[in-house]
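What follows is each chain in one-letter form.
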Amino acid sequence: PVGGRREVRLAVTDRQAERNGDVLGFARTGYGINVMPGEVTWQAATSLNVFGQPLDRVVATVPRRLEITNVESSGLQGWELADDPDVPGATRIVMDYRQPFSGSRRIVFKGVMATQVGAPWRVPRLGLVRVTSHVGQVLLQHPPGVRLQVVDTTGVRRTAGAVALKGMPAGTEAMRFDVWRENFSLSFVTETKRQELQAGISTILEIGDRGLDLLTVAT
């Protein structure tokens, strides 16, 4: 992935491919979004590949409207949340590892976000500092009583065909999008589907000397 560029120039040299001070990071993130009326449950599973100088700290950013509830990764000593001084309206996640690592490392982020029914909302995207390439997929799930209307798409492409996942509850609907750049935009409007109600009512009115007796059975 080259971010939609029309032209990419490559130079072939005989110099050393990596220097001790160089850090090359390539990331692939799978977003899992569960949409309910008024709330979105968000998860981002990132596979990070580091080449060159080992890292003992990874810094990520998410929109401030997303509340991060947990971060999981092998060898993670701790993580902290703070306002991003460089990006207004963003939260910075600083992750410190017990030992510097290189190669592949998996990081799982979990969070929740409040939404308003009938109002547009945007899928929270994960940013990684000092990463050369960051691509992935977005999978959205919602119950049959909820309808999602796509408002805006930038840097993503919806995959064709039906989506069926193992363990998905019966009746759950899903959409999948391929992401080829980190600063993608994917917006939706959440609406509740109109439901039909059918009723059968039987009424018996019995008139006696002392008054009326009414019996109503509704199905």
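Residues numbered from 1 in each chain as written. Predicted model: local features only at pLDDT ≥ 70, side-chain atom pairs only at ≥ 80, totals over all residues. Heavy atoms only, no water.

Undergrad: Before we go on, may I ask you to explain the packing of aromatic side chains in this structure?
TA: Here the distance between the centres and the angle between the planes together describe a pair of aromatic rings. Taken as a whole, this structure holds six aromatic pairs when the rule is applied. Ring plane angle 70° and centroid distance 5.6 Å describe the contact between tyrosine 31 and phenylalanine 184, whose orientation is recorded as edge-to-face. With tyrosine 31 in strand S1 (residues 23-36) and phenylalanine 184 in the loop between strand S11 (173-179) and strand S12 (185-192), this pair connects stretches of sequence that are 153 residues apart. Comparing tyrosine 31 with phenylalanine 184, the two get one shared label, buried. Measuring from centroid to centroid gives 5.7 Å for tryptophan 121 and phenylalanine 188, while their planes differ by 35°, and the two rings are tilted. Taken together, the residues span a long stretch of sequence, with tryptophan 121 in strand S6 (residues 120-122) and phenylalanine 188 in strand S12 at a distance of 67 residues. The pair formed by tryptophan 121 and phenylalanine 188 is uniform in burial state, with each residue classed as buried. An aromatic cluster is present here, built from Tyr31, Trp42 and Phe184 joined pairwise through their rings. Looking at arginine 105, its charged tip hangs above the ring of phenylalanine 101, at a distance of 4.4 Å from the centre. (Phe/Tyr/Trp six-rings, centres within 6.5 Å; stacked < 30°, edge-to-face > 60°. Helix = DSSP H or I, 4+ residues; strand = E, 2+ residues; numbered from the N terminus. Buried < 20%, exposed > 50% of the residue type's maximum accessible area, 1.4 Å probe, protein only. Lys NZ or Arg CZ within 6 Å of the ring centre and 35° of its normal.)

Undergrad: Explanation requested: the nonpolar core in the structure shown.
TA: Soluble globular proteins tend to bury their nonpolar side chains together. Core analysis: the largest hydrophobic core is formed by 39 residues, its most contacted members being Ile33, Trp42, Met95, Phe109, Trp121, Val138 and Leu140. Of all the secondary structure elements, the ones that give two or more residues to this core are S1, strand S2 (39-63), strand S3 (67-73), strand S5 (90-114), strand S8 (133-142), S11 and S12. Counting residues per element, this core draws most heavily on S2, at nine residues. When sequence neighbours within four positions are dropped, the list of residues in contact with methionine 95 reads Asp56, Arg57, Val58, Val59, Ala60, Val71, Leu76, Gly78, Trp79, Ile107 and Phe109. (Core = buried A, V, L, I, M, F, W, Y, C linked by side-chain atoms within 4.5 Å. Contact = heavy atoms within 4.5 Å.)

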